[in-house]
Amino acid sequence: TDLLNGHLLTEKAVGSRARTLKEYFERQLQGEIASEAMIPFGFRLEDGVLIDSSDKCRVLDRVSCLQGAGPGTPTVFVFVSVPPETFAAVIAAAAESSCAML
């Protein structure tokens, strides 16, 4: 039971691993601070980008709400595929401190 209690305390302090990217981003929208321990299995974080184990899927580690969304509003997640040069431009823009919105 000590091991289980220790695990539960760690999970409360650090957060549990998200099962999916959707859950990962939902939890960020709910105010949870993302940590490496939250990243779903099969992904790693490099320079603000979540990369799957095959190196074929890359997702910007950034979530935002569209105007009008808020508590009680159904959450809809959209993942889009963009050309590599567009993704590179988005990563560069996200790194800019003056960039408030992508």
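Residues numbered from 1 in each chain as written. Predicted model: local features only at pLDDT ≥ 70, side-chain atom pairs only at ≥ 80, totals over all residues. Heavy atoms only, no water.

Draft legend 1. Structural detail: unusual backbone geometry. Within the chain, Asp-47 stands out as a residue other than glycine whose phi angle is a positive 50 degrees. Within the secondary structure, Asp-47 sits in the loop between β1 (43-46) and β2 (49-52). Judged by its relative accessible area of 78%, Asp-47 falls in the exposed class. Even without being a glycine, Asp-55 presents a positive backbone phi close to 65 degrees. (Helix = DSSP H or I, 4+ residues; strand = E, 2+ residues; numbered from the N terminus. Buried < 20%, exposed > 50% of the residue type's maximum accessible area, 1.4 Å probe, protein only.)

Draft legend 2. Local environment of the nonpolar core. Membership of the largest hydrophobic core is limited to eight residues, which are Ala-18, Leu-21, Tyr-24, Phe-25, Met-38, Ile-39, Leu-50 and Val-59. With three residues, helix α2 (residues 21-29) is the single largest residue contributor to this core. Contact partners of Val-59, with chain neighbours within four places excluded, come to Leu-21, Phe-25, Gly-48, Val-49, Leu-50, Phe-79 and Phe-87. Counting residues in hydrophobic clusters, the runner-up holds five residues, among them Val-49, Ile-51, Leu-60 and Phe-87. (Core = buried A, V, L, I, M, F, W, Y, C linked by side-chain atoms within 4.5 Å. Contact = heavy atoms within 4.5 Å.)

Draft legend 3. Just the packing of aromatic side chains, in detail. Under the criterion given, the structure shown has two aromatic pairs. Centre to centre, the rings of Tyr-24 and Phe-25 are 5.2 Å apart; their planes meet at 75 degrees, and the pair counts as edge-to-face. Looking at Tyr-24, the relative accessible area reads 1%, which means it is buried. Between Phe-25 and Phe-79, the ring centres sit 6.1 Å apart and the planes meet at 55 degrees, which makes this aromatic pair tilted. Of this pair, Phe-25 sits in helix α2 while Phe-79 sits in the loop between β3 (58-60) and α3 (84-95), placing them 54 residues apart in sequence. With a relative accessible area of 4%, Phe-25 lands in the buried category. Note on Phe-79: relative accessible area 46%, which makes it partly exposed. Residue placement shows Arg-17 over the ring face of Phe-41; its charged tip is 4.2 Å from the ring centre. (Phe/Tyr/Trp six-rings, centres within 6.5 Å; stacked < 30°, edge-to-face > 60°. Lys NZ or Arg CZ within 6 Å of the ring centre and 35° of its normal.)

Draft legend 4. Molecular detail of the side chain of Gln-28. Mapping Gln-28 onto the fold places it in helix α2. Within the local environment of Gln-28, its side chain forms a polar contact with the side chain of Asp-61, the two groups lying 3.4 Å apart. In contact with Gln-28, not counting residues within four places along its chain, are Ala-34, Asp-61 and Val-63. (Polar contact = N/O pair within 3.5 Å; in protein donor to acceptor, adjacent residues only side chain to side chain.)

Draft legend 5. The pairing of β1, seen in detail. Across four bridges, β1 lies against β2 in antiparallel orientation. Paired with Glu-46 across the strands is Val-49, a residue of β2. Hairpin connection, β1 to β2: the antiparallel pair is bridged by two residues, and Asp-47 has positive phi, about 50 degrees. (Pairing = 2+ DSSP bridges.)

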